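Now for the letters of each chain:
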Amino acid sequence: MSAAESGDVARVVERAADIRRRIAELTDRRVALVAVTKSHPAGAWELAAAAGCDAIAENYAQELAAKAAVARTSLPVHFIGRIQSNKVRSVSGVVDVWQSVDRASVAAEIARRAPGATVFVQVNLTGEPTKGGCAPEEAGRLVASMRATGLLVAGAMTLGPTEPSVPARRAAFRALTRIADDLGLAERSMGMSDDFEDAVAEGSTMVRVGSALFGPRVPDGTIDR
Ligand SMILES: *Cc1c(COP(=O)(O)O)cnc(C)c1O
């Protein structure tokens, strides 16, 4: 490992410890730290493992497949991006948890390519059309249809509002906790670099953190190769 890489390790280890400390100040609950590695090279997977993160997460099927071809990770791999049914197959051998399932057609394709896979239902609680997720009133029916295909529905996932208003964030995160409770889903995946403390305060069991661990991403969010 080069000197630059060992410096990266120390920095990411320190940042992960800081995030864990901030979470511990808010709750005694165990909150998983999922390292979001999109737009960072495959080496970020190793950094995440070295920093004691619980999982890594990727947003784009093509980027995930490219990294998986050159790197291995001991951590579970979560998929957190918008996915088309026709991309499911390309990553079904690599993904351990599908967090961003928001339509029955995608769930059916996951059930076909990865029978019994662990999935979360993504719910859009802000009404922002740029964000994925089913409408809150559809979540129950979608979860039932996912279960009917044999998928293991283990959690609910959401993105907080883009508008950085604390009350709006809190309301969205509180709503996800309520939906997860109503549907018997143990995991509530919510909270990112800028809002994980509000999410933890409202019941998050899993935060998805990218830039606070690895630094800023390139603007278009895709990997440069
Ligand atoms: C990019 C992304 C994250 C992490 O965002 P940061 O602000 O870098 O922590 C978390 N969840 C999803 C769905 C994302 O797309």
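**Student:** Sorry if this is basic, but what is going on with the overall build of the protein here?
**Tutor:** In terms of helices and strands, the protein carries nine helices and eight strands. Here the protein has a C-alpha radius of gyration of 17 Å; the compact-globule value for 225 residues is 17 Å, and the two agree. Going through the 225 residues of the protein one by one, you find that 50% of them count as buried. For the protein, contacts bridging at least 24 residues in sequence account for 55% of all contacts bridging at least 6. Only carbon and sulfur atoms are counted for the fraction: they give 51% of the accessible area of the protein, which is about 10400 Å². The protein carries 27 positive and 27 negative side-chain charges, and their two centres are separated by 4 Å.

**Student:** Can you help me understand the site of the ligand in this one?
**Tutor:** Taken together, Val36, Lys38, Asn59, Ile80, Leu159, Met192, Ser193, Arg208, Val209, Gly210, Ser211 and Arg217 make up the full set of residues near the ligand. Here an oxygen atom of the ligand and a side-chain polar atom of Lys38 are 2.6 Å apart. A distance of 2.7 Å separates an oxygen atom of the ligand from a polar atom in the side chain of Arg217. When atoms are counted within 2 Å of each cavity's grid points, the one that captures over half of the ligand is the largest pocket.

**Student:** Please clarify how helix α3 (residues 61-70) should be interpreted in this entry.
**Tutor:** Side chains that are three or four residues apart share a direction in an α-helix, a result of its 3.6 residues per turn. Those residues of α3 lying buried are Ala61, Glu63, Leu64, Lys67 and Ala68. Taken around the axis of α3, the buried residues stretch over an arc of 160°, which confines them to a single face. Exposed residues lying more than 90 degrees from the buried face of α3 are Gln62, Ala69 and Val70. Along its buried surface, α3 packs onto α2 (43-50), β2 (55-58), β3 (77-79) and α4 (85-91).

**Student:** Looking at this model, I keep getting lost on the packing of aromatic side chains. Mind explaining?
**Tutor:** Two numbers describe a pair of aromatic rings. These are the distance of the centres and the angle of the planes. Applying the stated criterion to the full structure yields one aromatic pair. Look at Phe79 and Trp98: their rings are 6.1 Å apart centre to centre, the planes differ by 45°, and that puts the pair in the tilted class. Placement of Phe79 in strand β3 and of Trp98 in strand β4 (residues 97-101) is noted, with a sequence separation of 19 residues between them. Given a relative accessible area of 1%, Phe79 falls into the buried group. For Trp98, a relative accessible area of 2% corresponds to the buried category.

**Student:** Sorry if this is basic, but what is going on with the layout of surface pockets here?
**Tutor:** To find leftover empty space, one rolls a probe the size of a water molecule over the atoms. In this model, the largest pocket occupies a volume close to 780 Å³. Looking at the largest pocket, it is lined by 30 residues, and the ones nearest its centre are Lys38, Asn59, Leu159, Met192 and Arg217. When the residues that make up the lining of the largest pocket are grouped by side-chain class, the tally is ten nonpolar, eleven polar and nine charged.

**Student:** Teacher, can you tell me more about the pairing of β4 here?
**Tutor:** Regular strands place side chains that alternate from one sheet face to the opposite one. Within β4, five of the five residues are buried, which leaves the element mostly enclosed by the surrounding structure. Across two bridges, β3 lies against β4 in parallel orientation. Directly across from Phe79, in β4, lies its bridge partner Trp98. As defined by bridge partners, β4 adjoins strand β5 (residues 118-122) across three bridges and the pair is classed as parallel. Bridge assignment links Val97 to a residue of β5, and that residue is Thr118.

**Student:** Got a minute to help me understand the pattern of salt bridges in this structure?
**Tutor:** Scanning the entire structure with this criterion turns up 18 salt bridges. Among the salt bridges present, the one from Asp54 reaches Arg20, with a minimum N-O distance of 3.1 Å. Separated by 34 residues along the polypeptide, Asp54 in the loop between α2 and β2 and Arg20 in helix α1 (residues 3-24) bring together distant segments of the chain. Given a relative accessible area of 22%, Asp54 falls into the partly exposed group. A relative accessible area of 25% means that Arg20 is categorised as partly exposed. Beyond isolated ion pairs, a larger network of salt bridges with shared partners links Glu14, Asp18, Arg21, Arg22 and Glu197.

**Student:** Help me understand the environment of Cys53, please; the structure alone is not making it clear to me.
**Tutor:** In this fold, Cys53 is placed in the loop between α2 and β2. Taking the C-alpha atoms as reference points, Cys53 and Leu33, 20 residues apart in sequence, are found 5.4 Å from one another. Once residues lying within four places of it in the same chain are set aside, the contact partners of Cys53 are Arg20, Leu33, Ala35, Ala48, Leu75 and Leu213.

Calculation criteria
- Residues numbered from 1 in each chain as written.
- Predicted model: local features only at pLDDT ≥ 70, side-chain atom pairs only at ≥ 80, totals over all residues.
- Heavy atoms only, no water.
- Helix = DSSP H or I, 4+ residues; strand = E, 2+ residues; numbered from the N terminus.
- Rg over C-alpha atoms; globule rule 2.2 N^0.38 Å.
- Buried < 20%, exposed > 50% of the residue type's maximum accessible area, 1.4 Å probe, protein only.
- Contact = heavy atoms within 4.5 Å.
- Areas by Shrake-Rupley, 256 points an atom, 1.4 Å probe, with all protein chains shown as cover.
- Lys, Arg positive; Asp, Glu negative; His and termini not counted.
- Charge placed at Lys NZ, Arg CZ, Asp CG, Glu CD.
- Near = heavy atom within 4 Å.
- Polar contact = N/O pair within 3.5 Å; in protein donor to acceptor, adjacent residues only side chain to side chain.
- 1 Å grid on protein atoms, 1.4 Å probe; cavity = no way out; pocket = protein on both sides within 12 Å on 5 of 7 lines; lining within 4 Å.
- Sits in = over half its atoms within 2 Å of the grid points.
- Arc of directions from axis to C-beta.
- Phe/Tyr/Trp six-rings, centres within 6.5 Å; stacked < 30°, edge-to-face > 60°.
- Points joined across faces, edges and corners; volume = space filled by probe spheres on them.
- Nonpolar A, V, L, I, M, F, W, Y, C, P; charged D, E, K, R; others polar.
- Pairing = 2+ DSSP bridges.
- Salt bridge = Lys/Arg side-chain N within 4 Å of Asp/Glu carboxyl O.

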